Amino acid sequence: MNKSPIFALLTDFGTEDGYVGAMKGRIQSAHPSAKIIDISHSIQAFDVRQAAFCLSNSYPFFPEKTIFVVVVDPGVGPARNGIVVKTSQHYFVGPDNGVFSYVYRREGHQLTEIQVDSLETHISPAFRGRDVFSYVAAMLAAGADTSQYLSPTKSSVSFLKSPAEINENEFLLEVIHIDHFGNLILNFHKNDLMNLKNVTDESLDIKGVKIRDINITFGEVPEGEHLLVWGTSGFLQIVRNMGSAAKTLAVQTGEQVQLTL
Amino acid sequence: MNKSPIFALLTDFGTEDGYVGAMKGRIQSAHPSAKIIDISHSIQAFDVRQAAFCLSNSYPFFPEKTIFVVVVDPGVGPARNGIVVKTSQHYFVGPDNGVFSYVYRREGHQLTEIQVDSLETHISPAFRGRDVFSYVAAMLAAGADTSQYLSPTKSSVSFLKSPAEINENEFLLEVIHIDHFGNLILNFHKNDLMNLKNVTDESLDIKGVKIRDINITFGEVPEGEHLLVWGTSGFLQIVRNMGSAAKTLAVQTGEQVQLTL
Amino acid sequence: MNKSPIFALLTDFGTEDGYVGAMKGRIQSAHPSAKIIDISHSIQAFDVRQAAFCLSNSYPFFPEKTIFVVVVDPGVGPARNGIVVKTSQHYFVGPDNGVFSYVYRREGHQLTEIQVDSLETHISPAFRGRDVFSYVAAMLAAGADTSQYLSPTKSSVSFLKSPAEINENEFLLEVIHIDHFGNLILNFHKNDLMNLKNVTDESLDIKGVKIRDINITFGEVPEGEHLLVWGTSGFLQIVRNMGSAAKTLAVQTGEQVQLTL
């Protein structure tokens, strides 16, 4: 049993209705010494992809044994299964809707499914974040025997698409996320690049705008110009120095972009 | 004296001006080992009813002796009294403007009024959240003698209206809250239903739209359809599967709804 | 070494991308017993002045040795230096862009500059909040020898303007901040007033509207009226009882106001 377990919360609840407060209270009551850390409660309602990206940026930096409780789910209720993902470092508790896609890609992991009917607690089916996920998270932190309600499973939902190679060193990419500053994050990871050889030049076409060179800092181009950078998440990004690339390029999540290396 | 007291904060301050930071700093300075938990700082400015609802969803789940500091108050200054509400489990500190209405309804409680003039600390009248409520909360956590500035009182403001029975098993309800997802929360509590007998069918009229059946989960109706559910707060709610009932029904807080059981 | 160091975070990141989560994870990993307190992550993107004001309202109330990590910076990258400001009570870590202007004005302080090239950690230049500022903050909390990468410096950026005296007891002031409630904060501090003598009457002109009397609480004027108050930050404010002065007076940050004492 962990003496001061760390719980990191990620939801699309906002805070103004008290739903997050209920989760925090429930966890703190189960573990008076728990540390509860907010990752975010301002994920767009039901936006599983945004939550997945947000999680992927945060979780690698957290201490061992941190338990991530992620509640972003369009299909509230019993239809969608709850799962626990265990990696060598962390636990993740949440719905099986792809929100852990980046975790699957990067980490060796074990998957178990939450058998809600076997939980020995009062369950309000409309609020799994409080009654199922927070409860299971608290049990994991306590080192409790969870075998009664966590059953091994092999399949899980993932939405992560690899970049599509269309020619030699030409890729069709997708905007997977637009961040707070309007930076466009693409589904092309630094690791994807390492697998390629003979990369001498980079150039990217987006809506007819040609963007050259993978620079490393904003400071190296004039204010207002676009550039390609490797983001802190390891993904290629289109950014605009002192501005929003999303606005000037009028791009939405899901749009396609052609990259030539 | 509580070694690691828990303070749960609920304000309409937003965080961008540093007012919440000041409150946190003040509490943490008084109790270096305090745990400060944010319930919300994004309550609509001056919206006492939203704050009351948010609090009612959160407080029951918090550990014993948690001290809730609630600062949502249209009438800043000396006109409105500050109060401390003590229940069997918790303390609540804030203005006497009805923000604790749901607590009064549910919990046995003792009421004391804060005599600001008797506080032995510097008071900036414009910032009672920091100088009065956080201070009193810190004193309560320390187990200090508060008899000098907390005087017993019997009356307190409450805005909670009971559902009005207009015929046998017909009720005029009010939308008391619209949550982050556009769910409409009504002033009809599960406990109100238990007091009735012979309930065989439910049907609700809102702006000519008939909504039938109290279902229990979103998953049981097609996407986009409205349904009645018992919310996690125990109140009856009108929800729309995968959408905002508030938008499709164009309803505001305070609107009336007729329920036939 | 501090056993349970307190880190107070202030950024313009929002929380929805996971960048704040990454900073929290990094600090918590370095100090499993650290207390991380959010001041704000909803500063307007790149708004150094808002961040400075927010910080100035919060920091004085925090316990000794609190480490403030402030990341609001239009010029991300190596161009702008990172600094550490040490006062008798606190540490401040962030970019040298004026965000600590109010701290300089109020507190005796020592200034050191972060030599990024000398840090013994992996640095992603695009995310100094996580890789430079959080790292340095963690080192300070650990009482580590920082002499290798913190070099004393004397100059630092500050934007704080004093009120301009245009005649005897007449001042040209500037709106330095508009808060969550629409209150207009002016660059005229209580201390500025103390330096004047023979103040018998106050009157302020703003866009032709004359505002008289420095009152102390909202409760003393009718709803909807404007008044001058000393804000909780010590600065003179134009407020509107139960409303937004910013809206009715249509004022922006940076506008000028004439004060006659």
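Figured I'd write up the structure that's included with this text. (Residues numbered from 1 in each chain as written. Chains lettered and ligands numbered in written order. Predicted model: local features only at pLDDT ≥ 70, side-chain atom pairs only at ≥ 80, totals over all residues. Heavy atoms only, no water.)

In this section: the interface of chain A and chain C. Taken together, the contact between chain A and chain C spans 30 residues of the former and 30 residues of the latter. Summed over both partners, the interface of chain A with chain C comes to about 2,500 Å²; 59% of that surface belongs to carbon and sulfur atoms. Remark: the boundary between chain A and chain C carries 13 residue pairs in polar contact (both at pLDDT 80 or more). Within the residue set of the side of chain A that touches chain C, elements represented by two or more residues are β2 (35-40), α2 (48-58) and β9 (170-178) of chain A. Of the residues assigned to the side of chain A that touches chain C, the class counts are 15 nonpolar, 12 polar and three charged. (Contact = heavy atoms within 4.5 Å. Buried area = accessible area lost by both parts, 1.4 Å probe. Polar contact = N/O pair within 3.5 Å; in protein donor to acceptor, adjacent residues only side chain to side chain. Helix = DSSP H or I, 4+ residues; strand = E, 2+ residues; numbered from the N terminus. Nonpolar A, V, L, I, M, F, W, Y, C, P; charged D, E, K, R; others polar.)

Okay, the pairing of strand β8 (residues 164-167) of chain A next. Residues and elements named next belong to chain A. As paired strands, β8 and β9 are joined by three bridges and run antiparallel to one another. Bridging across to β9, Glu 165 finds its partner in Phe 171. The loop that links β8 with its antiparallel partner β9 comprises two residues; one of these, Asn 169, has a positive phi angle of about 60 degrees. (Pairing = 2+ DSSP bridges.)

Listed per partner, the contact involves 30 residues of chain B and 30 residues of chain A. Summing both sides of the interface, chain B and chain A together bury roughly 2,400 Å²; the carbon and sulfur share of this comes to 59%. Summed over the three residues of chain B that lose the most area to chain A, namely Phe61(B), Phe181(B) and Thr232(B), the buried surface amounts to 26% of that side. Viewed at the interface, chain A and chain B are joined by zero salt bridges. Secondary structure elements with two or more residues in the side of chain B that touches chain A: β2 (35-40), α2 (48-58) and β9 (170-178) of chain B. Looking at the side of chain B that touches chain A residue by residue, the classes come out as 15 nonpolar, 12 polar and three charged. (Salt bridge = Lys/Arg side-chain N within 4 Å of Asp/Glu carboxyl O.)

This part takes up the pattern of salt bridges. One pass over the structure, following the stated rule, counts 12 salt bridges over all chains. Notably, a salt bridge pairs Asp38(A) with Lys24(A), separated by 3.0 Å at the nearest N-O pair. Taken as a pair, Asp38(A) in strand β2 and Lys24(A) in helix α1 (residues 19-30) lie far apart in primary sequence, 14 residues in all. Each member of the pair, Asp38(A) together with Lys24(A), is buried. Residue Asp73(C) is joined to Arg128(C) by a salt bridge in which the shortest nitrogen-to-oxygen separation is 3.1 Å. Highlighted residues: Asp73(C) in the loop between β3 (67-71) and β4 (82-87) and Arg128(C) in helix α4 (residues 128-141), separated in sequence by 55 residues. The burial state of Asp73(C) is the same as that of Arg128(C); both residues are buried. When salt bridges with common partners are traced through the structure, they connect Arg26(A), Arg130(A) and Asp131(A) into a single cluster. (Buried < 20%, exposed > 50% of the residue type's maximum accessible area, 1.4 Å probe, protein only.)

All right, on to helix α4 (residues 128-141) of chain A then. Residues and elements named next belong to chain A. Ser 134 marks the point of greatest bend in α4, at about 30 degrees. Most of α4 sits inside the fold, with 13 of its 14 residues counted as buried. Once α4 ends, the next one or two residues include Gly 143, with phi positive near 70 degrees. (Bend = angle between axes of the 7 residues up to and from the residue.)

The next thing to look at is the relation of the copies chain B and chain A. With an RMSD of 0.0 Å, chain B superimposes on chain A once it is rotated by 120 degrees and translated 0.0 Å along the axis. Within this description, the copies of the chain are treated as partners about a three-fold rotation axis. Considering only C-alpha atoms, the residue of chain B closest to the rotation axis is Lys35(B), which sits at 4.9 Å. Take the interface residues of chain B: only 3% of them recur as interface residues in chain A, which is what a contact between different surfaces looks like. (Least-squares fit on C-alpha atoms with pLDDT ≥ 70 in both.)

Turning our attention to unusual backbone geometry. At Phe46(A), a residue that is not glycine, the phi angle is positive and equals roughly 70 degrees. Inspection of the secondary structure puts Phe46(A) in the loop between β2 and α2. Overall, Phe46(A) belongs to the partly exposed group, its relative accessible area being 24%. For Ala250(C), which is not a glycine, the phi torsion comes out positive at approximately 50 degrees. Judged by relative accessible area, Ala250(C) falls into the partly exposed class, the value being 46%.

Another aspect to go through is the sheet that holds strand β5 (residues 91-95) of chain A. Residues and elements named next belong to chain A. Within the open sheet, the seven strands sit side by side as β2-β1-β3-β5-β4-β6-β7. Their pairing is mixed. Each edge of the open sheet is held by one strand with a lone partner, namely β2 and β7 (150-152). Here the strands of the sheet are splayed against their neighbours by 25 degrees on average, with no regard to which way each runs. Where strand β4 (residues 82-87) lies against strand β6 (residues 109-114), six bridges are found, and the strand directions are antiparallel. The partner of Gly 82 across the bridge, within β6, is Ile 114. Across the sheet, α4 touches β1 (6-11), β3 (67-71), β4, β5, β6 and β7, and the angle it forms with β3 is around 170 degrees. (Axes fitted to C-alpha atoms, helices over the stretch in contact; angles between N-to-C directions.)

Residue and element names in this part refer to chain A. With respect to the helices, strands and loops of the structure, Thr 112 is situated in strand β6. Thr 112 sits in the buried class, given a relative accessible area of 17%. Beyond its immediate sequence surroundings of up to four residues, Thr 112 is in contact with Gly 82, Ile 83, Val 84, Leu 150, Ser 151, Pro 152 and Thr 153.

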